[in-house]
Number of protein chains: 2
Amino acid sequence: MPMPMMTTPLTLTHLMRHADQVNGFAEIVSVTADNPRHRYTYHDAFTRVRKLANALARLGLKQGDTIGTFAWNDYRHFEIYYAVSCSGMVCHTVNPRLFPEQLEYIVNHGEDQWVFVDLTMVPLLESLQEKLPKVQGYVVMTSEAAMPDTTLRNAHCYEQLIEDEPDVFDWPDLDENAPSALCYTSGTTGNPKGVLYTHRSTVLHSLASIAPDVFAISVNDVILPIVPMFHVNGWGLVYSAPMVGAKLVMPGPKMADGETLCALINEEKVTASAGVPTVWLALLNYLNQSGGTIPTLTRLTVGGAACPMVIYEQMRSRYGVDVQIGWGMTEMNPLGTFNGRKPTALESLPEADKAEVSLKAGRPVFGVDIKITNDQGEALPWDGKSTGAIKVRGPWIINDYFHYDGQTLDDDGWFETGDVGCIDEWGMLQITDRLKDVIKSGGEWISSIDLENAAVNHPDVAEAAVVGLPHPKWTERPLLVVVLKEGSSLSAAEAPATLLRWLEGKVAKWWIPDACEVVTELPHTATGKLSKKDIRAQFSNYQWPSQPVSPD
Amino acid sequence: MPMPMMTTPLTLTHLMRHADQVNGFAEIVSVTADNPRHRYTYHDAFTRVRKLANALARLGLKQGDTIGTFAWNDYRHFEIYYAVSCSGMVCHTVNPRLFPEQLEYIVNHGEDQWVFVDLTMVPLLESLQEKLPKVQGYVVMTSEAAMPDTTLRNAHCYEQLIEDEPDVFDWPDLDENAPSALCYTSGTTGNPKGVLYTHRSTVLHSLASIAPDVFAISVNDVILPIVPMFHVNGWGLVYSAPMVGAKLVMPGPKMADGETLCALINEEKVTASAGVPTVWLALLNYLNQSGGTIPTLTRLTVGGAACPMVIYEQMRSRYGVDVQIGWGMTEMNPLGTFNGRKPTALESLPEADKAEVSLKAGRPVFGVDIKITNDQGEALPWDGKSTGAIKVRGPWIINDYFHYDGQTLDDDGWFETGDVGCIDEWGMLQITDRLKDVIKSGGEWISSIDLENAAVNHPDVAEAAVVGLPHPKWTERPLLVVVLKEGSSLSAAEAPATLLRWLEGKVAKWWIPDACEVVTELPHTATGKLSKKDIRAQFSNYQWPSQPVSPD
């Protein structure tokens with residue numbers, strides 16, 4: 001019996017054709033190493049995508065092959081995304097900030113056949129190429145005029161590569177479950193693991209992410225994705241913006257440059273943006289110092305790490321920008337929850353309560369099932385108090401890491417995120433910790449993230465970390481480790497007592513750390529997150545003060 | 001090799017579970033024959049859905065069975081939708097306004113095993129039941145107290161049926177392509193044809209329809225679906241509102257009652273609504289006469305027929321309500337295009353031009369491919385001028401009518417909508433005619449809809465139809481047929497010349513009808529549309545005036 005309704009596959013090819021035909025008029029504006037402000041339309045972009053697809057075929061690349069990219073957010077990277085995925089190949093976006101051994105592992109494990117490389121990263125690839133025997137050649141993403149001398153094997157210039165190709169291409173019919181892109185997570189232990197996105201997972205994620213309570217992207221929007229395209233497909237914005245015809249503004253290598261971001265926002269009339277807290281702190285610093293404003297920007301999305309209250313407060317009160325939170329991870333494509341428009345009861349809270357609610361991780365995006373479980377794996381109630389391990393499933397959640405021997409899901413088919421949190425009666429998720437960083441004291445869990453957020457709000461604290469260290473009576477107790485701000489008037493001697501006192505009334509009394517240590521620097525991972533593993537190692541022989549604060 | 005990403009099926013069961021867990025707090029408010037204002041939450045609703053699912057199983061119903069509904073928009077109909085579809089059965093919504101022979105055909109062709117019937121429609125079913133031999137029993141959607149004496153065979157009371165059932169149910173795992181609902185189109189010729197929606201088509205349609213440029217539904221919205229749930233699933237609003245947690249307000253049998261609608265909007269703080277033009281004219285009349293206002297309503301969607309300018313103008317200028325247009329049909333679940341938020345260039349047009357653009361059918365919703373073709377089936381350019389037959393395809397477009405011997409799609413796999421139109425460079429579709437009503441004059445097409453819209457804007461015209469009649473020189477020429485408003489000062493003798501003159505400057509000169517006839521009534525189909533077939537029959541021996549207006 002034939003299907004009653006069409007079963008049109010959910011592919012990026014379909015998305016591309018829609019964007020080209022229906023939204024072809026919308027613009028993509030890019031900063032690149034060879035052009036401070038490149039500007040063209042989606043229609044122009046997809047015309048060049050077809051030329052690039054012809055070039056890929058000419059290079060001998062076939063369906064199923066993997067193509068690596070070392071690139072920033074710009075129009076050529078956008079073209080590569082679509083030409084590769086819609087040709088049935090896999091677009092493997094590599095995070096150039098990883099350590100060289102990780103980069104080598106990732107390119108080899110991903111079996112990248114060719115690598116597209118940004119002008120600024122040519123030296124990096126030159127230093128790596130001897131370790132990348134499977135890579136057949138390199139394409140430098142630049143014009144003929146800017147093409148550098150390079151020792152890269154079989155190096156091509158992007159513009160020359162596509163110049164003479166026809167702008168028509170016979171796209172293959174793809175299965176919606178065919179892979180489209182590959183992105184590695186760099187855990188703090190073991191080798192990076194690859195997440196292989198499919199056309200279906202990407203299209204569904206994009207469709208869910210444009211909803212009014214999520215990114216809320218309209219044809220009228222101008223989107224500035226500051227989250228890198230090598231980091232979970234730039235949170236999908238390079239798919240969702242074309243889906244609705246929103247103008248895209250791409251900052252290229254200038255992602256953490258407050259001045260460039262401010263100029264792009266004002267000159268291109270950016271309405272919405274998304275990035276990690278570091279980026280927003282850079283922009284805030286620039287605005288506060290320069291006296292600049294960003295009147296067209298209506299909202300920004302913070303993800304990738306907990307959002308400091310200062311971003312929320314200053315962006316809203318000084319610059320009129322609403323701050324929204326997204327939570328997810330590479331294995332989730334990335335969106336799991338979003339804190340944008342909230343249920344009316346929460347929207348109408350008094351400002352202080354609303355600020356607190358607004359910094360939570362948000363409500364589940366349609367498509368994502370979430371549960372929180374206790375140590376026995378039993379689901380906990382959504383009461384805003386019960387805290388447990390967060391597990392997810394749904395059509396854009398990982399099923400199996402790429403070429404991986406271990407077990408990706410738990411025995412019930414859920415993906416364990418490694419995050420810990422609680423969910424309230426409004427479906428609002430609050431992340432309280434990483435499972436591996438949670439502090440178990442006297443049989444209860446203490447949230448290191450809550451303590452860090454409270455500590456970092458002290459005007460003299462630049463950065464704070466809380467780790468659990470062994471304790472004879474309570475199994476573990478929290479230690480607060482801080483970096484003081486440059487020019488802080490607090491002395492290292494008086495800081496501990498001052499900061500521990502600062503926490504009083506802000507967290508449960510028994511959560512207050514037993515001690516505080518001042519350091520000049522905290523260790524970070526390659527992606528900029530606090531490396532608690534290293535902090536715990538550093539304090540592995542720590543002696544608690546003789547009179548610890550009693551936890552009861 | 002295992003799938004890299006989860007392939008979680010897109011089912012209404014998933015949607016229901018999401019709505020129950022994440023959005024359970026949101027309300028459903030209903031008007032029913034037995035309660036002027038019933039109120040409960042989604043969580044309450046889905047608890048009763050599980051009781052009903054147990055009751056269906058107890059009645060012996062199985063996966064694949066069809067359940068008929070004769071019902072208005074209310075909470076019990078909502079419960080039936082989910083209990084039936086998520087049990088793997090097919091929810092067959094019947095339009096009670098069809099002719100008895102059509103109702104008999106539809107219930108028998110749909111193979112309805114049981115029928116749920118609203119209190120107000122019990123007499124209708126009593127009169128039909130002898131012709132419905134396959135129906136095993138009837139459930140009257142009411143409380144025990146309001147249960148009527150009835151001659152219906154094997155009649156149950158809804159509340160008694162579910163009363164003692166457990167509120168847990170083990171939902172079956174369904175294939176996403178399993179059928180979920182059935183709705184018949186009543187063409188003007190031949191038997192009605194059934195469109196069998198699937199879980200996948202419904203979930204994807206819902207997800208696409210909540211987007212900011214479509215219905216733009218948020219958890220903060222209060223939605224009043226005035227389009228009946230027996231008409232293409234109430235345009236999907238009974239799926240999309242729970243998907244995001246919007247409050248639902250259901251008018252029950254009071255769908256064309258301006259006073260009830262105004263009261264519901266104000267008392268329940270409705271923010272968005274959707275319905276056919278007739279409903280909005282009723283509401284406008286009530287507001288204009290009563291001096292009422294509807295300040296919470298931000299936008300309304302008009303579909304099902306061309307939107308008269310008076311609705312757009314008065315709703316915006318007098319009541320501050322934005323008017324948006326949706327275009328589609330039963331075979332499209334129903335959304336094909338939507339005219340809500342528009343590209344910036346169109347949003348910033350001068351008001352008169354913007355009004356004209358705002359009444360077009362809109363831009364393709366993501367997921368729907370559209371083409372317009374000439375008589376040779378060749379795709380025409382999107383230049384705003386080239387007019388042709390509109391064809392569609394996509395994951396919520398029909399593939400095969402239910403138990404149908406004919407061919408549903410064209411040879412290239414597109415569904416021919418029967419509508420005629422053009423699309424401009426912004427992707428904006430304008431419907432100019434029905435293919436069977438288009439007037440071919442001198443080798444060119446004349447839009448009967450444009451002529452009717454222009455004629456009906458005359459203050460003395462209550463309703464207007466334009467049909468093409470044979471003409472010795474031009475193959476066909478248009479005839480304008482009008483009903484004058486009650487109390488019109490125009491005499492039947494002077495009306496034709498006055499109205500034809502009225503059209504001058506409003507349409508191309510050669511489009512102006514060769515004659516105008518005044519009638520007291522125009523024929524309509526069972527769904528309230530003009531029956532042009534009957535009008536053409538009525539004027540089949542028409543003699544053109546001796547001095548026709550020259551078309552050149």
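These lines cover the structure that appears in this document, whether it is placed above or below. (Residues numbered from 1 in each chain as written. Chains lettered and ligands numbered in written order. Predicted model: local features only at pLDDT ≥ 70, side-chain atom pairs only at ≥ 80, totals over all residues. Heavy atoms only, no water.)

### Considering the overall build of chain A
Point 1. Helix and strand content of chain A: 17 helices and 25 strands.
Point 2. Taking 24 Å as the expected radius of gyration for a compact globule of 552 residues, we find that chain A reaches 24 Å, a close match to that expectation.
Point 3. Summarising its shape, the C-alpha atoms of chain A cover approximately 75 × 60 × 45 Å along the three principal directions.
Point 4. Intrachain contacts of chain A at a sequence separation of at least 6 include 66% that bridge at least 24 residues.
Point 5. Counting every atom, chain A has about 20500 Å² of accessible surface; 49% of that belongs to carbon and sulfur.
Point 6. In chain A, 43 positive and 67 negative side-chain charges are present, and the distance between their average locations comes to 3 Å. (Helix = DSSP H or I, 4+ residues; strand = E, 2+ residues; numbered from the N terminus. Rg over C-alpha atoms; globule rule 2.2 N^0.38 Å. Contact = heavy atoms within 4.5 Å. Areas by Shrake-Rupley, 256 points an atom, 1.4 Å probe, with all protein chains shown as cover. Lys, Arg positive; Asp, Glu negative; His and termini not counted. Charge placed at Lys NZ, Arg CZ, Asp CG, Glu CD.)

### A look at the interface of chain A and chain B
Point 1. In this complex, chain A contributes 69 residues to the contact, which on the side of chain B involves 68 residues.
Point 2. Of the roughly 5600 Å² buried at the junction of chain A and chain B (both faces included), carbon and sulfur atoms supply 63%.
Point 3. The interface formed by chain A and chain B contains two salt bridges.
Point 4. Between Glu 176 of chain B and Arg 200 of chain A there is a salt bridge, with its nearest N and O atoms 2.8 Å apart.
Point 5. Across the chain A-chain B interface, the total number found is 30 residue pairs in polar contact (both at pLDDT 80 or more).
Point 6. Taken together, the elements giving at least two residues each to the side of chain A that touches chain B come down to α1 (12-23), β9 (193-198), α7 (199-209), α9 (237-244), α13 (344-347), β16 (363-364), β17 (369-373) and β18 (388-393) of chain A.
Point 7. For the side of chain A that touches chain B, a count of residues per class yields 40 nonpolar, 17 polar and twelve charged. (Buried area = accessible area lost by both parts, 1.4 Å probe. Salt bridge = Lys/Arg side-chain N within 4 Å of Asp/Glu carboxyl O. Polar contact = N/O pair within 3.5 Å; in protein donor to acceptor, adjacent residues only side chain to side chain. Nonpolar A, V, L, I, M, F, W, Y, C, P; charged D, E, K, R; others polar.)

### Quick word on the pattern of salt bridges
Point 1. Under the counting rule described, the total for this entry stands at 58 salt bridges over all chains.
Point 2. Residues Lys 247 of chain B and Glu 268 of chain B are paired through a salt bridge, measuring 2.8 Å at the closest nitrogen-oxygen approach. Placement of Lys 247 of chain B in strand β11 (residues 247-250) and of Glu 268 of chain B in helix α10 (residues 258-268) is noted, with a sequence separation of 21 residues between them.
Point 3. A salt bridge links Glu 347 of chain B to Lys 354 of chain B; the nearest nitrogen and oxygen atoms lie 3.1 Å apart.
Point 4. Glu 347 of chain B sits in the partly exposed class, given a relative accessible area of 26%.
Point 5. Residue class for Lys 354 of chain B comes out buried when judged on its relative accessible area of 13%.
Point 6. A single network of salt bridges, built from pairs that share partners, joins Glu 27, Arg 37, Arg 39, Lys 247, Glu 267 and Glu 268 of chain A. (Buried < 20%, exposed > 50% of the residue type's maximum accessible area, 1.4 Å probe, protein only.)

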